[in-house]
Amino acid sequence: MNSLFSYYDSIANIPGTSIHIYSILMGIAILVVFFASWFKMRRRNIPTRTLEAAILIIVPIGLVGARLWFVLNNLDLMKSFIDVIAVWQGGLAIEGGVTTGLIVGLIIFYRASLKYQISIWVYLDCIIPNILLGQAIGRWGNFFNQEILGSNIGFPFPWLPSWINDHLHYPNEGSGVYRQPLFLYESITSILGWIILTFITPKVGLWFSKKPWKVESEKFQPLWITEPIKKSDYYQPWKLISKCYRYSRWKKACWNQAYYDFEPDKATIKDVIVKPLKLNKITPNMKFSTKFVLRHKNLHQKLKHKFSADATLLNNSYNPHHYRVTAAGCSGSLYFVFYGMIRLILEPFRDARDIMMIGNVPTSMIVSALWLIFGVVLIVFAQFIARKKFRKKEWLYERQY
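Sequence order as written defines the numbering, with residues in each chain counted from 1. Whole-chain, interface and lining totals are the exception, using all residues; otherwise, since this is a predicted model, local features are given only for residues with pLDDT of at least 70 and side-chain atom pairs are given and counted only at 80 or more. In computing side-chain properties, one takes all heavy atoms of the structure into account and sets aside hydrogens as well as water.

## Quick look at the state of the cysteines
- Here, a disulfide means two cysteine sulfur atoms that sit within 2.5 Å of each other. A complete count under the given rule lists zero disulfides for this structure.
- In this structure Cys126 is not part of a disulfide, and its nearest cysteine sulfur, from Cys330, lies 14 Å away.
- Residue burial is assigned from relative accessible area. The probe radius is 1.4 Å, only protein chains are included, and a residue is buried under 20% of its type maximum, exposed over 50%, and partly exposed in between. Accessibility expressed as a relative area gives 0% for Cys126, which makes it buried.

In structure tokens, the structure reads:
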């Protein structure tokens, strides 16, 4: 979060103007998240109109949530209503923005999933990991506001340029103070996290899966057999690199043909098995207490019925050779794990004025741990429960990776 007074420091504005660098970087961060998500959805032929409309709703509500979170953490500074709404003086907390934005986004994209028959988990993977890119950019806004810093080490960091070292202190501190650049640590780890979630996580399942060229050896004859690497190739590195690249492209083509682009015959697609739903009959002449009990029993039966569905046969239709894949939703869910881990590691090193939740480290650590636990539960649910219980016929699922 940013201090109410940090904008008055000399590096907070573009020189010669009153334009806040923090505001510009936050705007860039929002645009980067939007375009990265838009590009991902376009690649998978997913309609982008919902995203384009949602950004106009999520961003304002996210800003309100970010301000509200800051206000709740700094009630002692709020002397009037003007202080509450004075975002031009600084005071936005990313935790509040992410939380409110996620809630509103979930509602919007759940409705879109019903309209376009696209699993909500696919939307989650297309959008949520890109928030890390926004956070990486936004943390540099914190640098120009001189915040999100750690303990004073008393000397400049030799691996950092002087223009960063010279401002590793809070605005009211003098020279000779060089605090840990927590904003920089979080920015770098957020970029690494985005790379892992975007390029590595979706492929993890394939690493541990049986391979198409072994399962269907007649259909996929390995390129390294027809074009093996020869001893002479090691003396001509360009040939070795070229062959390795062709091997990689060939493996990708195999996976596309065997799984990602595989379309079963419509006649062979098995539907989801659903047991009949039996509800207790409620009549007008029943006692209120009896109606109350029966309604609760019916509600329990409906919830139980939801989880009684079995989409195993449907999954097998699209994956007859049982290739192991990372299910839709895992990449998006991993964001919460990654974010919670970053906060758990960095929170104890923060200065008291930058603590995330109501001014004390233990409470902040509990909130961070809850983010992490929530992410783990989501991953387990996405990988092992959702696609086996709630997958629907003709809907778009994880095969679009």
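## Section: the packing of aromatic side chains
- Two rings from Phe, Tyr or Trp (for Trp, the six-membered ring) form a pair when their centres sit within 6.5 Å of each other. Planes less than 30 degrees apart are called stacked, planes more than 60 degrees apart edge-to-face, and all others tilted. Considering all chains together, one arrives at 23 aromatic pairs under this definition.
- Taking the centre distance of 5.0 Å and the plane angle of 70° together, the rings of Phe34 and Phe35 count as edge-to-face.
- Under the relative-accessibility criterion, Phe34 is labelled buried at 13%.
- Between Phe336 and Trp371, the aromatic rings sit 5.7 Å apart at their centres with planes inclined by 5°, giving stacked as the arrangement. Placement of Phe336 in helix 14 (residues 330–346) and of Trp371 in helix 15 (residues 361–389) is noted, with a sequence separation of 35 residues between them. For the pair Phe336 and Trp371, one class covers both residues: buried.
- Grouped by ring-pair contacts, the aromatic residues Trp140, Phe143, Phe144, Trp163 and Phe183 constitute a single cluster. Helix and strand labels come from DSSP, where a helix needs a run of H or I of at least four residues and a strand needs a run of E of at least two; each type is numbered from the N terminus.

## A word on the side chain of Asp233
- Note that Asp233 resides in the loop between helix 10 (223–226) and helix 11 (237–260).
- Here, residues are in contact when the closest pair of their heavy atoms is within 4.5 Å. Sequence-distant contacts of Asp233, that is, excluding residues within four places in its chain, are made with Pro228, Lys239, Leu240 and Lys243.

## Comments concerning the packing of helix 8 (residues 182–207) against helix 14
- Geometry is summarised by axes, namely lines fitted to C-alpha atoms with helices restricted to the contacting stretch, and by angles between N-to-C directions that run from 0 to 180 degrees. Two numbers describe how helix 8 lies on helix 14: the axes approach to 10 Å, and their chain directions differ by 155°. Judged by the inter-axis angle, helix 8 sits roughly antiparallel to helix 14. Once helix 8 is placed against helix 14, the crossing between them reads as right-handed. Across from Leu182, Tyr185, Glu186, Thr189, Ser190, Gly193, Ile196, Leu197, Thr201 and Pro202 in helix 8, the residues of helix 14 making contact are Cys330, Ser331, Leu334, Tyr335, Phe338, Ile342, Arg343 and Leu346.
- Classification convention: Asp, Glu, Lys, Arg as charged; Ala, Val, Leu, Ile, Met, Phe, Trp, Tyr, Cys, Pro as nonpolar; all other residues, Gly among them, as polar. Its residues placed into classes, the contact of helix 8 with helix 14 shows eleven nonpolar, five polar and two charged. Comment on the angle field: the value is read as roughly parallel under 35 degrees, roughly antiparallel over 145, roughly perpendicular from 65 to 115, and oblique elsewhere. It is the rotation of the near helix from the far one that decides the hand of a crossing: anticlockwise by less than a right angle makes it left-handed, clockwise makes it right-handed.

## Structural notes on the confidence of the model for the chain
- Confidence of the predictor at the level of single residues is given by pLDDT, which spans 0 to 100. In the predicted model, the chain carries a mean pLDDT of 84, and the fraction of residues at 70 or more is 91%.
- Mean pLDDT across the elements of the chain bottoms out in helix 3 (residues 81–85) (68) and peaks in helix 8 (94).
- In the predicted structure, residues 1–9 sits below a pLDDT of 50 and forms 47 contacts with residues beyond four places in sequence or in another chain.

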